[in-house]
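One-letter residues, chain by chain:
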Amino acid sequence: MASTVSDRPGYGQLLRTPGAWTFLLPGFAARQPFAMLTIGIVLLVQHTTGSYGSAGAVAAVSGVSMALFAPQSGRLADRFGQRAVLVPGVLVHGAAVGTLTALALADAPLWALFLAAVPTGASIPQVGPMVRARWAALLGAAPGRPASPLMSTAAAFESVTDEFTFVIGPVLATALCTGVHPAAGLVAEAALTLLGGVLFAAQRSTQPAPNGAATASEPHRSALTVPGVRVLAITFLGIGSVFGGMQVSLTAFSEEIGRPGVNGLLYGVFAAGNMLAGIACGAVAWKISPRRRLVVGYVALTLTASGLWAVHSVPLLAGLGLLVGLCIAPALISGYTLVEALVPASARTEAFTWLTGAVALGQAAAVTVAGQLADAHGASIGFVVPLAGTALALVTLLALRSRLTPRAPGRTVARGIGHREPVTVD
């Protein structure tokens with residue numbers, strides 16, 4: 001009998017998952033500061049130093065620090081539980097942001113701001129990966145229970161939530177910094193991190209069971225030991241290069257044509273494409289595997305990014321930016337969906353943080369390189385960064401895509417006639 005509408009994977013069915021709302025609302029509040037931090041640092045440091053270069057450098061140090069330390073936070077969360085990591089983490093982050101703010105307002109030397117930016121980035125709570133891990137715990141495969149078809153819908157929902165966060169967060173931080181005080185954006189970021197993080201950590205019933213009881217014979221193994229996670233991390237580095245390259249190059253393009261105000265419109269169209277594609281991906285009952293969707297989506301992303309450098313008009317750039325945004329969400333969602341099949345439950349939070357960190361690292365590198373290229377050769381050359389980043393990642397993805405196939409569980413096969421001993425094969 002054909003399935004009914006209520007049986008089909010969809011957002012309504014996803015949000016009716018028992019316990020979902022207990023972590024979704026505080027999780028949304030707790031991840032909002034993640035999108036406020038970079039712009040908050042840039043606006044405060046630029047105000048106190050008068051230099052966008054210095055402000056961008058401090059923000060980049062924070063971003064790289066987050067990318068390097070996030071996987072360790074995820075690994076600790078898998079081992080000891082999310083609450084055990086999140087509560088002290090938000091306290092450290094609040095103190096680090098307060099220190100960085102005080103140093104900036106006191107006109108401290110740049111090296112001191114760099115030092116303060118390291119713990120600020122390292123202590124950013126990884127709420128997004130933790131929410132994804134909770135979805136995987138609620139919907140993923142377990143003894144006697146197959147994985148829910150809602151896993152792809154959950155990945156799409158989280159992608160849309162992340163994008164929505166990056167629409168609201170920078171606007172809120174900018175309004176506070178320009179309308180209240182240059183430090184108000186970072187103060188609000190620290191307060192939201194503390195409040196949202198504590199509320200999220202209090203939801204114990206939905207957090208994945210910690211894996212702290214590993215023995216010497218079964219030690220804790222990093223999610224990065226899974227070959228597929230390494231391939232996905234490289235793939236997500238390319239996606240990060242798109243975000244970073246677009247941010248810088250769109251700003252440079254707007255200034256070149258003498259219309260700086262159009263930058264927000266162009267980036268908003270790009271972000272809208274990402275959100276729309278994410279919503280659509282979650283509403284579709286896919287019949288092809290996440291690996292194939294990732295490959296197809298990444299090829300499309302590379303092709304659309306390849307034309308950015310040649311566009312010199314606002315309408316054409318907006319249209320192509322929309323297409324680029326439409327191609328990002330399918331790749332991100334497919335990658336996050338693959339984690340559930342590739343990585344054991346005991347290491348999923350760490351795996352999600354490796355991917356999130358890869359995006360941040362790719363974004364930080366792209367911002368630096370695209371900025372230098374745009375300064376030296378113009379905005380059009382800055383758009384080469386998304387092309388180069390996605391092309392290199394695509395080559396890696398195509399060459400190593402076999403590592404994204406989940407290993408089938410061992411099964412017993414009789415060899416020859418019945419009197420022979422069965423052997424276990426993959």
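Residues numbered from 1 in each chain as written. Predicted model: local features only at pLDDT ≥ 70, side-chain atom pairs only at ≥ 80, totals over all residues. Heavy atoms only, no water.

(A) Structural context of the overall build of the chain. Across its full length, the chain holds 15 helices and 2 strands. Taking all 426 residues of the chain together, the buried fraction comes to 48%. Here the contacts in the chain between residues at least 6 apart in sequence split such that 80% fall between residues at least 24 apart. By element, 67% of the accessible surface of the chain is carried by carbon and sulfur atoms, the whole surface being about 18900 Å². (Helix = DSSP H or I, 4+ residues; strand = E, 2+ residues; numbered from the N terminus. Buried < 20%, exposed > 50% of the residue type's maximum accessible area, 1.4 Å probe, protein only. Contact = heavy atoms within 4.5 Å. Areas by Shrake-Rupley, 256 points an atom, 1.4 Å probe, with all protein chains shown as cover.)

(B) The arrangement of the packing of helix α11 (residues 290-305) against helix α12 (residues 314-342) in detail. As a packed pair, α11 and α12 sit with axes 8 Å apart at the nearest point and diverge in direction by 155 degrees. The angle between the axes of α11 and α12 places the two elements in the roughly antiparallel class. Crossing of α11 against α12: the hand is left-handed. In contact with Pro290, Arg291, Arg293, Leu294, Gly297, Tyr298, Ala300, Leu301, Thr304 and Ala305 of α11, α12 contributes Leu320, Leu323, Val324, Cys327, Ile328, Ala331, Ser334, Gly335, Thr337 and Leu338. Taken together, the residues of the contact of α11 with α12 break down into 13 nonpolar, 5 polar and 2 charged. (Axes fitted to C-alpha atoms, helices over the stretch in contact; angles between N-to-C directions. Parallel < 35°, antiparallel > 145°, perpendicular 65-115°, else oblique. Left-handed = near helix turned anticlockwise from the far one by under 90°. Nonpolar A, V, L, I, M, F, W, Y, C, P; charged D, E, K, R; others polar.)

(C) The environment of Gly362, seen in detail. On the secondary structure map, Gly362 appears in helix α13 (residues 348-377). C-alpha of Gly362 to C-alpha of Leu237: the two residues are 125 residues apart in sequence and 4.5 Å apart in space.

(D) Structural detail: unusual backbone geometry. In this structure, Asp107 is a non-glycine residue whose phi angle is positive, near 55 degrees. The residue Asp107 is located in the loop between α4 (82-105) and α5 (110-122) in this model.

(E) Up close: empty space enclosed by the protein. Counted by the stated rule, this structure contains 3 cavities of 30 Å³ or more. Every residue along the wall of the largest cavity is listed here: Arg132, Trp135, Ala136, Met151, Ala154, Ala155, Glu158, Tyr336, Thr337 and Phe352. Considered class by class, the residues forming the lining of the largest cavity number 7 nonpolar, 1 polar and 2 charged. Taken as a whole, the second largest cavity holds about 40 Å³ of empty space. Its residues assigned to classes, the lining of the second largest cavity shows 5 nonpolar, 3 polar and 1 charged. (1 Å grid on protein atoms, 1.4 Å probe; cavity = no way out; pocket = protein on both sides within 12 Å on 5 of 7 lines; lining within 4 Å. Points joined across faces, edges and corners; volume = space filled by probe spheres on them.)

(F) View of the side chain of Ser73. Topologically, Ser73 is positioned in helix α3 (residues 52-80). We classify Ser73 as buried; its relative accessible area is 16%. Every residue in contact with Ser73, bar those within four places of it in the chain, is listed here: Val85 and Gln126.

(G) Here's a closer look at the confidence of the model for the chain. The pLDDT averaged across the chain works out to 80; a share of 88% of its residues lies at or above 70. The element-level mean pLDDT for the chain is lowest in strand β1 (residues 411-413), coming to 38, with helix α15 (residues 384-399) highest at 93. Note on residues 409-426: pLDDT is under 50 here. Beyond four places in sequence and across chains, it has 15 contacts. (pLDDT = per-residue confidence, 0-100.)

(H) View of the side chain of Ser334. Within the secondary structure layout, Ser334 lies in helix α12. A polar contact of 2.7 Å, which involves the side chain of Ser334, links it to the backbone oxygen of Pro330. Setting aside residues no more than four positions away along its own chain, Ser334 makes contact with Pro290, Arg293 and Leu294. (Polar contact = N/O pair within 3.5 Å; in protein donor to acceptor, adjacent residues only side chain to side chain.)

(I) Region of interest: the nonpolar core. Counting residues in hydrophobic clusters, the biggest one holds 80 residues, and the most contacted among them are Trp135, Ile239, Tyr298 and Ile328. Tallying contributions element by element places α12 first for this core, with 15 residues. Val45, Val97, Ala104 and Ile124 belong to the second-largest nonpolar core, a separate cluster that totals 22 residues. (Core = buried A, V, L, I, M, F, W, Y, C linked by side-chain atoms within 4.5 Å.)

(J) Geometry of helix α2 (residues 20-49). Between its first and last C-alpha, α2 extends 45 Å over 30 residues, near the 44 Å set by a 1.5 Å rise per residue. Along α2, the helix axis deviates most sharply at Met36, where the bend reaches about 40 degrees. Positive phi appears at Gly50, one or two residues downstream of α2, with a value of about 75 degrees. (Expected span 1.5 Å × (residues − 1). Bend = angle between axes of the 7 residues up to and from the residue.)

(K) Looking closely at a nonpolar patch on the surface. Together, Val64, Leu68, Phe69, Val118, Ile234, Leu237 and Leu361 make up a nonpolar patch on the protein surface, roughly 520 Å² of accessible area in all. Residue contributions to the nonpolar patch peak at 3 residues, all from α3. Tracing the sequence through the fold places Leu361 in helix α13. According to the relative accessible area criterion, Leu361 is partly exposed, its value standing at 32%. (Patch = residues over 30% accessible without salt bridge, like charges linked within 9 Å, V, L, I, M, F, W, Y side chains within 5 Å. Salt bridge = Lys/Arg side-chain N within 4 Å of Asp/Glu carboxyl O.)

(L) Structural detail: the pattern of salt bridges. Inspection of every chain in the model, using the stated rule, returns 1 salt bridge. We note a salt bridge from Glu158 to Arg31, for which the minimum N-O separation is 2.5 Å. Here Glu158, found in helix α7 (residues 150-179), pairs with Arg31, found in helix α2; they are 127 residues apart in sequence, far enough to count as distant. Arg31 matches Glu158 in its accessibility class, with the two residues each being buried.

(M) Just α15, in detail. Taking 1.5 Å as the rise per residue, α15 with 16 residues should run 22 Å; its terminal C-alpha atoms sit 23 Å apart, in good agreement. Where α15 is concerned, the buried positions are Val385, Pro386, Gly389, Thr390, Ala393, Leu394 and Leu397. Buried residues of α15, viewed axially, fall in a sector of 155 degrees; they line one side. Summarising the geometry of α15, the exposed residues directed more than 90 degrees from the buried face are Leu392, Val395 and Ala399. The inward-facing, buried residues of α15 contact α9 (227-256), α11, α13 and α14 (379-382). (Arc of directions from axis to C-beta.)

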